[in-house]
Amino acid sequence: MSSAWECPCGVSNPAGREKCRGCGVSAERATMVAAQEGDRLEKELTRYDHIRVSTTPEIPGARSKESLGIVTAEVILGMHVFKDVTAAFRDVVGGRVTAYEKELQYGKQVVIRELRAECQKMGGAALVGVRLDYEAISPSMLMITAQGTVVVLE
Ligand SMILES: [Zn+2]
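Scoring rules and cut-offs
- Residues numbered from 1 in each chain as written.
- Predicted model: local features only at pLDDT ≥ 70, side-chain atom pairs only at ≥ 80, totals over all residues.
- Helix = DSSP H or I, 4+ residues; strand = E, 2+ residues; numbered from the N terminus.
- Contact = placed C-beta atoms within 7 Å.
- Pairing = 2+ DSSP bridges.
- Expected span 1.5 Å × (residues − 1).
- Buried ≥ 20, exposed ≤ 12 C-beta atoms within 10 Å, placed from the backbone.
- Core = buried A, V, L, I, M, F, W, Y, C linked by C-beta atoms within 7 Å.
- pLDDT = per-residue confidence, 0-100.

From N to C terminus, the chain includes four helices and six strands. Along its sequence from the N terminus, the chain presents helices and strands in the succession β-β-α-β-β-α-α-α-β-β. Summarising the internal contacts of the chain: among those between residues at least 6 apart in sequence, 63% fall at separations of at least 24.

What follows covers the sheet that holds strand E4 (residues 64-77). The strand order across the open sheet formed by four strands is E3-E5-E6-E4, and the pairing between neighbours is mixed. Each edge of the sheet is formed by a strand with only one pairing partner; in this case those strands are strand E3 (52-53) and E4. Note that E3 and strand E5 (residues 126-138) share two bridges and pair parallel. Paired with Val53 across the bridge in E5 is Leu127.

On to helix H1 (residues 27-45), then. Taking 1.5 Å of rise per residue, the 19 residues of H1 would be expected to cover 27 Å, and the 26 Å separating its terminal C-alpha atoms lies within 8% of that figure. Within H1, only one of the 19 residues are buried, leaving the element largely exposed.

Time to look at the environment of Gly124. Relative to the helices and strands, Gly124 is located in the loop between helix H4 (95-121) and E5. For Gly124, a count of 25 C-beta atoms within 10 Å translates into the label buried. When the C-alpha atoms of Gly124 and Ile51 are compared, they prove to be 8.1 Å apart, with 73 residues separating the residues in sequence. Here Gly124 is in contact with Leu68, Cys119, Val150, Val151 and Val152, once residues within four sequence places are set aside.

This part takes up the environment of Ala146. For Ala146, the position within the fold is in strand E6 (residues 141-153). Residue class for Ala146 comes out buried when judged on the 23 C-beta atoms lying within 10 Å of it. The spacing of Ala146 and Val71 is 75 residues in sequence and 8.3 Å in space, taken between C-alpha atoms. Aside from chain neighbours lying at most four places away, what touches Ala146 is Thr72, Ala73, Val111, Ile112, Leu115, Val130, Arg131 and Leu132.

The next thing to look at is the nonpolar core. Counting residues in each nonpolar core, the largest one holds 16 residues, and the members touching the most others are Leu115, Cys119, Ala126 and Leu127. For this core, the secondary structure elements donating two or more residues are E4, H4, E5 and E6. A per-element tally of this core places E6 first, with five residues. Sequence-distant contacts of Leu115, defined by excluding residues within four places in its chain, comprise Val71, Ala73, Leu127, Val130, Ala146 and Gly148.

Pairing between E5 and E6: 10 bridges, direction antiparallel. When the sheet's bridge partners are listed, Arg131 is paired in E6 with Gln147.

Both E4 and E6 contribute to a ladder of 12 bridges, which runs antiparallel. Its bridge partner being in E6, Ile70 is matched across the sheet by Thr149. The loop that links E5 with its antiparallel partner E6 comprises two residues.

On to the confidence of the model for the chain. Looking at the chain as a whole, its pLDDT mean stands at 84, while 84% of the residues score no less than 70. Of all secondary-structure elements in the chain, the lowest mean pLDDT belongs to helix H3 (residues 85-90), at 48, while E3 reaches the highest, 96. Contacts from residues 85-91, a stretch scored under 50 in pLDDT, to residues over four places away or in other chains number three contacts.

What follows is the structure, given as structure tokens:
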């Protein structure tokens, strides 16, 4: 491998390293596992996509019949992304910034998925008035919270 790589065990490895310095798995194997893990995550993340989500008080084009209550979700992000501040400065244009953006994107997907899962549990069909908030809880951790109102549609 020509670039630094992250093992599914959570350890980042320098470019050219053939075995993970954390768990000893080969770079090739780690890439394969990461890809499978990616597929599994993708499936898991999209499991509740049939639940409609909107930041507006109503789902455009649909009417709410009943409100079942508020749901909240939170996710704490990023130690492995945020810890390497020197790398972030060294490589501002390249990988690290992309890594931040990816991590944020992923965090948003996760909280919305959690809201949808709650909505489904409550027997709702959609979430309205959805709000996302971000809060730095330490220099290396970011919390994303989400809330929304579960509704039944007409
Ligand atoms: Zn490892």
